[in-house]
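What follows is the residue order along each chain.
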Amino acid sequence: MPPHFLPAPPTVGREARPVRIVADPAPSGRALLLPFGPEVGAAAFRRGDAAVVVFDAAQPLDLGTLVGDPVFGAIEARITADATVLRLPLAAPGHLVPRRSADHGQAWLVEMRQEAAPPARPLATEPEAEPPRLAVRASQPGRSIVLADPLTGAPLLVGTLREDGQAMALSRRGAQFDLLPSVLGVVVLARSDALVLRAGLDRFTLSAAGGAELVLGEAWDAPAAAAEAATMGRVLDLPVAPAEALLERLRHLQGAIAAAAPLARAPLRREATEALLALGLAQEAQAMSALAFQEDPRAVDDPRLLLAHGAAALLAGRPAEAASAIEDRRLPEVEETELWRAVLAAARGAPEAAAPVLAGTAPLLLVYPGAVQARLLPSAVEALIGAAGQRPTLLGAARRLLEEAAVETPLLALAQARLAEAEGRTGEALAAYDALARGRDRLARARAIHRAVELRLATGALDPPGAAAALEAALFAWRGDAIEVGARLRLAALKREIGDAEGAFALLREAEAQHPDHAGTLRPRLREALLAAMAQAPPLRAVALADASQDLLPEAGEAGVAALMLLADRLIALDLSDRAARLLGVTAVRSLESPARAALGARLAALRLDEGDFAGALLALGATAAVGLPQSLTAEREVLRARALARGGDPQAAAAALRRLGAAGAEALAELLAEARDWPGAAAALAVHVENALPAPPAPLSPEHRRALARLAAFAALAGDEARLAALRAAHGPRMRNGPLGEAFALLTAAPVRGLDDLPRLQRELEAIRTLTSRLEPLRTGGPVTR
């Protein structure tokens, strides 16, 4: 129970001394001059939304001169039996900083700073065993003052100092007390009635009286990063203490919460939330902070409680719930807020955005309780390593986090292996992964197996089939969340790479059934795997796959067109042309956009032409007509329309349509004129196509190019066009010398017999004519260019 305080001493005979504002070289340019001499000590600290200064002399103050002042106008003074307390409402991280003034006879000046500067001489703590007590070394200790904590009502044991520049940089927690951070002096929040703070010659000592024992629990040496963290803006006050001390503290807080009125519980619930976070009980911490918000609507304006709530949700694996609190603009823009926003970004899969902030705020991570470090450090190191491709210096920050971590866990060992891999120490990384793969921590084991497989695949120690087999053997090492989904996606990609598209499809189909909440990620990969499986499987199996997976066939865009085209080809391979035509029918593609509908209409028209249904081909083209189509698709559809017109008995209209296309319709026009035995016209049309299609010498000719040149030579020979044959012989003879069509091209373009000297060549040509029929067979019809 908090002690009873004596009433303020009577002021009869004691005149209130004025407080003046004086010009000062401080950053604010102004300071309060207090009427206290060198024998009076002071302490300064923050509690809640206010800055507090305590002087160890009870002296009434006249604050009339401060009324209306924009900086100090709201300051309040309270006189206790042995102290004068000043309180100024001030948003964090602002402070009131007392210091001695040589210009005013060593009186105290108090200035307001928006950020507390690091102390010239941080106060050092030293535990002593016999009797158990805590010593805080200081220069010129003043007195020990007992006040009531404005936040909790518990006693505050305040040790004043007669010399400025000495502060407690970090808070420390025990089961019976909290050693609070200060701007000047020593401040202890007592949770036991037996605690006593005594001033000595060069120290304050905190001990327990009345036969009680002070419990410290662990060494009080600050971590190496504490000095850096002390210069950063803080919001949370997470207690660093053994689990036993934290549980004892939590029991005290629960009792205080039960005894407090509902609208007075928010500060207590905030401290309980932080204690639960320090114990690693994130779900319970989030529930505790949620109760505070429900009981008191004013709690949402408490930045410390708001950030504690978001941190608890994030550590509980609920980033969506954490975002509303962590991204709230009511939080002060200080380093600790930036740290948690960076952790949230890393949890959302944006390591590039998070890594620079994590590197800059690493000292804060390193002074958090061990349970919080165990949860945060692995993901922080992963984010730093993931972003090190653009900024290699981030690897140094990752190394520091691992070297100075206060805990050792399998996930941190995994992060150490990741760092070794990133730094090129492949053997060391593989040895660490293999050791973790033999361990008992399931999450670390699963991730280590996957990392080892990827590293061995990258270094050539495993080929893709071996990597796929290794990942498949470890598929059930971890079940039930995004990690398993990621493992299945990677295994599916490897299966597709080694030609097992159907196996990849089956794997992803099973994943979708087991993880419906990841359908948005799995569906696109499932469609890709289905199309790949249909392309690789025999026609009958491909059709069966399509029939069993109608819900996965794309319905629009290029993917929809590709799926329907592929399925139609597999049906045609099974001599199911009627079913393919129905699949590509107009009614099946009405929901597609115009280019997709026009492309399927062209495919359906080609299918109808192959079946001899010329009217059906024209109907399919007409029903899927559209404007604004790509030039290539427009040309393809016009060629199909011309072929349908020609085979339907109107070759003149077909020829006119193909001539309007120019070079795009030249090859089809040559085929049409050749069917009408118009050899000069066919040669002229095919020459236009060859001129636009052939690559310039000395580029090699593809089989299609060689076939087109051989057909052009045949058409020119049938037309008796000696000039065109001579030009073909001069331009393309060397390029057509080899290959299956070379002899036919040479024979067709050979110079005519003009005398007895040509008789040997004529004999060779007569021998070649005997095999000319078989050699010219590929040129008989040429086949349509577009299907």
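Residues numbered from 1 in each chain as written. Predicted model: local features only at pLDDT ≥ 70, side-chain atom pairs only at ≥ 80, totals over all residues. Heavy atoms only, no water.

Asks: Please set out the overall build of the protein residue by residue, giving values where relevant.
Replies: Scanning the protein from N- to C-terminus turns up 32 helices and 21 strands. When the 787 residues of the protein are sorted by exposure, 48% land in the buried category. For the protein, long-range pairs separated by at least 24 residues make up 59% of all intrachain contacts whose partners lie at least 6 apart in sequence. Carbon and sulfur atoms provide 55% of the accessible area of the protein, an area that totals close to 35900 Å². (Helix = DSSP H or I, 4+ residues; strand = E, 2+ residues; numbered from the N terminus. Buried < 20%, exposed > 50% of the residue type's maximum accessible area, 1.4 Å probe, protein only. Contact = heavy atoms within 4.5 Å. Areas by Shrake-Rupley, 256 points an atom, 1.4 Å probe, with all protein chains shown as cover.)

Asks: Which residues make up the packing of helix H14 (residues 442–459) against helix H16 (residues 482–497), and what values go with them?
Replies: The geometry of H14 relative to H16 is characterised by a closest axis approach of 11 Å and an angle of 25° between their N-to-C directions. One finds that H14 runs roughly parallel with respect to H16. The crossing of H14 and H16 is left-handed. Here H14 contributes Leu443, Arg447, His450, Glu454 and Leu457 to the contact with H16, which in turn contributes Ile483, Ala487, Arg490 and Leu494. Its residues assigned to classes, the contact of H14 with H16 shows five nonpolar, one polar and three charged. (Axes fitted to C-alpha atoms, helices over the stretch in contact; angles between N-to-C directions. Parallel < 35°, antiparallel > 145°, perpendicular 65-115°, else oblique. Left-handed = near helix turned anticlockwise from the far one by under 90°. Nonpolar A, V, L, I, M, F, W, Y, C, P; charged D, E, K, R; others polar.)

Asks: Give me the nonpolar core: which residues, what numbers.
Replies: Ranked by internal contacts, the top residues of the largest apolar core, which has 78 residues, are Trp340, Leu358, Tyr368 and Leu401. For this core, the element with the highest residue contribution is helix H5 (residues 303–315), accounting for nine residues. Formed by 41 residues, the second largest nonpolar core is a distinct cluster that contains Ala51, Phe55, Ala138 and Leu161. (Core = buried A, V, L, I, M, F, W, Y, C linked by side-chain atoms within 4.5 Å.)

Asks: Break down the pairing of strand E10 (residues 107–113) for me, with residues and values.
Replies: Counting buried residues along E10, six of its seven residues qualify, which places the element largely inside the surrounding structure. For strand E3 (residues 30–34) and E10, the ladder comprises three bridges, and the chain directions are antiparallel. In the sheet register, leucine 33 faces E10, and the bridge partner there is leucine 109. By the bridge criterion, seven bridges tie strand E9 (residues 95–101) to E10 in an arrangement that is antiparallel. Within E10, the position partnered with leucine 96 by the bridge is methionine 112. Between E9 and E10, which pair antiparallel and follow one another directly, the connecting turn spans five residues, one of which, glycine 105, has a positive phi of 65°. (Pairing = 2+ DSSP bridges.)

Asks: Tell me what's going on with the environment of alanine 124, and back it up with residues and numbers.
Replies: Along the chain, alanine 124 falls in strand E12 (residues 124–128). Taking the relative accessible area as the measure of exposure, alanine 124 reaches 41% and is therefore partly exposed. Along the primary structure alanine 124 and arginine 203 are separated by 79 residues, whereas in three dimensions their C-alpha atoms are 9.6 Å apart. Not counting chain neighbours up to four residues away, the residues in contact with alanine 124 comprise Ala135, Val136 and Arg137.

Asks: Any details on the sheet that holds E10? Residues and values, ideally.
Replies: What the four strands build is an open sheet, ordered E2-E3-E10-E9; its pairing is antiparallel. Each of the sheet's edge strands pairs with one partner strand only, and the pair in question is strand E2 (20–23) and E9. Ignoring which end each strand starts from, the neighbouring axes of this sheet average 35° apart.

Asks: Give me the lowdown on the pattern of salt bridges, citing residues and values where you can.
Replies: If you walk through the whole model with that rule in mind, you get 45 salt bridges. Note that glutamate 404 is salt-bridged to arginine 400, the shortest N-O span being 3.1 Å. A residue pair is termed a helical-turn pair when its members lie 3 or 4 positions apart in one helix, as glutamate 404 and arginine 400 do in helix H11 (residues 394–404) at four residues. With a relative accessible area of 21%, arginine 400 lands in the partly exposed category. Of the charged contacts, one joins arginine 496 and glutamate 528 as a salt bridge, the two residues approaching to 3.5 Å between their closest N and O atoms. Of this pair, arginine 496 sits in helix H16 while glutamate 528 sits in helix H18 (residues 519–536), placing them 32 residues apart in sequence. The partly exposed category is assigned to glutamate 528, whose relative accessible area is 42%. Via salt bridges that share partners, Glu126, Glu128, Arg133, Arg137, Asp202 and Arg203 belong to a single interconnected network. (Salt bridge = Lys/Arg side-chain N within 4 Å of Asp/Glu carboxyl O.)

Asks: Describe in detail helix H3 (residues 266–278), supporting the description with residues and values.
Replies: A rise of 1.5 Å per residue sets the reference length of H3, with its 13 residues, at 18 Å; its end C-alpha atoms lie 18 Å apart and thus fit the reference within 8%. Where burial is concerned, most of H3 is hidden: 12 out of the 13 residues are buried. All of the buried residues in H3 are Ala266, Leu268, Arg269, Arg270, Glu271, Ala272, Thr273, Glu274, Ala275, Leu276, Leu277 and Ala278. Among the structural elements, strand E18 (177–180), helix H2 (243–259), helix H4 (282–295), H5 and helix H10 (370–386) are those in contact with the buried residues of H3. Directly beyond the C-terminal end of H3, a positive phi value near 85° is found at glycine 280. (Expected span 1.5 Å × (residues − 1).)

Asks: Please give an account of empty space enclosed by the protein that cites residues and values.
Replies: Under the counting rule described, the total for this entry stands at four cavities of 30 Å³ or more. Empty space within the largest cavity amounts to approximately 90 Å³. For the lining of the largest cavity, the elements supplying multiple residues, two or more each, are helix H24 (631–647), helix H25 (651–661) and helix H26 (666–675). Here the lining of the largest cavity is built from residues that sort into six nonpolar, no polar and four charged. A volume near 40 Å³ is recorded for the second largest cavity. For the lining of the second largest cavity, the secondary structure elements donating two or more residues are H3 and H10. Broken down by element, the residue count for the lining of the second largest cavity peaks at three residues, all from H10. The residue makeup of the lining of the second largest cavity, split by class, is seven nonpolar, one polar and one charged. (1 Å grid on protein atoms, 1.4 Å probe; cavity = no way out; pocket = protein on both sides within 12 Å on 5 of 7 lines; lining within 4 Å. Points joined across faces, edges and corners; volume = space filled by probe spheres on them.)

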